[in-house]
Amino acid sequence: MESIKRLYKIGRGPSSSHTMGPDRAASLFRAEYPQADGYRVVLYGSLSQTGKGHKTDEAVIRALAPAPVEVVFDKGGTEGLPHENTMDFFAFQGSREIGRSRIMSVGGGEIVVEGKPQYAPEHIYREKSFAEIAEYCYAKGIRISDYVEENEDEDLWDYLMEVWVTMKSCIGEGLTAAGILDGGLNVERKARVLFNQRHIDESDTTRENRLICAYAFAASEQNAGGGIVVTAPTCGACAVVPSVLKYMQEKKGFSDRQILRALATAGIIGTLVKTNASISGAECGCQAEIGTACSMAAAALAELFEMGIDQIEYAAEVSMEHMLGLTCDPICGLVQIPCIERNSVAAMRAINAFSLANFLSNTRKISFDTVVETMYRTGKDMSDRYRETSRGGLAEIYR
Ligand code: SF4
């Protein structure tokens, strides 16, 4: 498995696979053909169907500037393509083509360049499943966050601190922002309203719900507005992990050091899904994005409260199990409806899953590895109408 630092990417929303990935791909291509005086980019599959709403065209034009760029949205099917998010880049000098490259945006801002394995990430973890990691940790008597520390570079904690600071400032900025999000759906930012209602005299549970949801709305709305976010594991699902961690830090007084260890454990959960299944909505639906984010958040909470490896696994497993089949059907291709609310619902569910793991882990029947494989097979069985093409579900029925 690759470094968890590749899972947590800091960048601009609204979509890791549709803006961050294409932006990286275009920058790489431009570096390869700096002499070009014009480019053409052909977007296929989900990139073509939702690329407008997700601002893919703007991302590649910006990355290839100042040369003129023709962006083509190829509305043909995905048959024969190596991935649901495929792009072809062409470089020109005058009318003469001087180079081309096929690049896939495979989720979470990660790209694969066809025929160029040198761009593939280095694998620094020997273990490839939760079962293998658990066996290793039990044998050495260490926690999962210790296992991460053993395998990563020494700048791990500095990097995770940067991630945590960015997550908190994303929430902070989202809580002070107001107005209507761009895109034409007339979606009003609600984080500030929720946050300002946090002292209304209701039950503790309602207050907790409102505050966590305010944080989740804040980060999601920042993402939808093109703000700086951390993929956890993607931009669309960026708010689940930070909202529960910020809430718990404030409620229980956890140190930043403890939060970073929770992020390390969550990073392993996300990387396991990325390695053995997918974190791409275009490949496996929203279960791969929000489902993974929910598993990461629940595992992070279990780490924070120093629960055992079995309980961490249960928290991550139960979070994903009840997201199975979750479709990706963003209205107008915008990362707004259902994405923003969905982050807050998933944050509450992560707390629920973590609570269950506290007293039910010894009765569980399903392993985390099993649920990840199930999620992948379910995603592959889904019609592409429900995999980030905006051709089914809410995107089709909403008027
Ligand atoms: S519905 Fe889920 S997977 Fe699809 S864009 Fe929104 S958050 Fe991402």
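Notes on the structure follow.

**Here we look at the side chain of Asp329**
For step 1, the next point in the chain: By the element assignment, Asp329 lies in the loop between helix 13 (309-321) and helix 14 (339-360).
For step 2, the next point in the chain: Within the buried set, Asp329 has no salt-bridge partner at all; the shortest N-O distance to an opposite charge, 4.5 Å, is to Arg342.
For step 3, the next point in the chain: Those residues in contact with Asp329 that sit more than four places away from it in its chain are Ile337, Pro338, Gly392, Gly393, Leu394 and Ala395.

**Some details on the pattern of salt bridges**
For step 1, the next point in the chain: This structure, assessed with the given rule, holds 29 salt bridges.
For step 2, the next point in the chain: Through salt bridges with shared partners, a single ionic network connects Glu2, Arg6, Lys9, Arg24, Glu110 and Lys274.

**Considering the packing of aromatic side chains**
For step 1, the next point in the chain: Summed over all chains, the structure comprises nine aromatic pairs.
For step 2, the next point in the chain: Seen in terms of ring centroids, Phe29 and Tyr39 are 6.0 Å apart; in terms of plane orientation they differ by 65°. Their pairing is edge-to-face. Of this pair, Phe29 sits in helix 1 (residues 16-32) while Tyr39 sits in strand 2 (residues 38-43), and the two are 10 residues apart along the sequence. Each member of the pair, Phe29 as well as Tyr39, is classed as buried.
For step 3, the next point in the chain: Between the aromatic rings of Phe29 and Phe89, the centroid separation amounts to 5.4 Å while the plane-to-plane angle is 40°, which identifies the pairing as tilted. Taken as a pair, Phe29 in helix 1 and Phe89 in strand 4 (residues 86-93) lie far apart in primary sequence, 60 residues in all.
For step 4, the next point in the chain: Taking the relative accessible area as the measure of exposure, Phe89 reaches 0% and is therefore buried.
For step 5, the next point in the chain: Through a chain of ring-to-ring contacts, the aromatic side chains of Phe29, Tyr33, Tyr39 and Phe89 assemble into a single cluster.
For step 6, the next point in the chain: Positioned above the aromatic ring of Phe90 is the side chain of Arg40, whose terminal nitrogen or guanidinium carbon lies 5.7 Å from the ring centre.
For step 7, the next point in the chain: Geometry around Trp157 places Arg257 over its ring, the cationic atom sitting 4.7 Å from the centre.

**Overview of the nonpolar core**
For step 1, the next point in the chain: Judged by nonpolar contacts, the single largest core of 105 residues is most densely connected at Tyr8, Leu245, Leu263 and Ile268.
For step 2, the next point in the chain: In terms of residue count, helix 12 (residues 286-304) provides more of this core than any other element does, 13 residues in total.
For step 3, the next point in the chain: Beyond its immediate sequence surroundings of up to four residues, Leu245 is in contact with Trp164, Ile259, Ala262, Leu263, Ala300 and Leu304.
For step 4, the next point in the chain: Of all hydrophobic cores here, the second largest spans 21 residues; its members include Ala25, Ala26, Val60 and Val69.

**What to know about helix 3 (residues 56-64)**
For step 1, the next point in the chain: Looking at helix 3, one finds that the buried residues are Thr56, Asp57, Ala59, Val60, Ala63 and Leu64. End-on, the buried residues of helix 3 take up no more than an arc of 165°, which puts them together on one face.
For step 2, the next point in the chain: Buried residues in helix 3 make contact with helix 1, strand 2, helix 2 (45-50), strand 3 (69-73) and strand 4.

**Examining the pairing of strand 6 (residues 110-113)**
For step 1, the next point in the chain: Strand direction decides the pairing type here: strand 5 (residues 96-107) and strand 6, joined by four bridges, are antiparallel. By the bridge assignment, Ser105 is partnered in strand 6 with Ile111.
For step 2, the next point in the chain: Linking strand 5 back to strand 6 in an antiparallel pair, the connection comprises two residues, with Gly108 at a positive phi of about 65°.

About the thresholds
- Residues numbered from 1 in each chain as written.
- Predicted model: local features only at pLDDT ≥ 70, side-chain atom pairs only at ≥ 80, totals over all residues.
- Heavy atoms only, no water.
- Helix = DSSP H or I, 4+ residues; strand = E, 2+ residues; numbered from the N terminus.
- Buried < 20%, exposed > 50% of the residue type's maximum accessible area, 1.4 Å probe, protein only.
- Lys, Arg positive; Asp, Glu negative; His and termini not counted.
- Salt bridge = Lys/Arg side-chain N within 4 Å of Asp/Glu carboxyl O.
- Contact = heavy atoms within 4.5 Å.
- Phe/Tyr/Trp six-rings, centres within 6.5 Å; stacked < 30°, edge-to-face > 60°.
- Lys NZ or Arg CZ within 6 Å of the ring centre and 35° of its normal.
- Core = buried A, V, L, I, M, F, W, Y, C linked by side-chain atoms within 4.5 Å.
- Arc of directions from axis to C-beta.
- Pairing = 2+ DSSP bridges.

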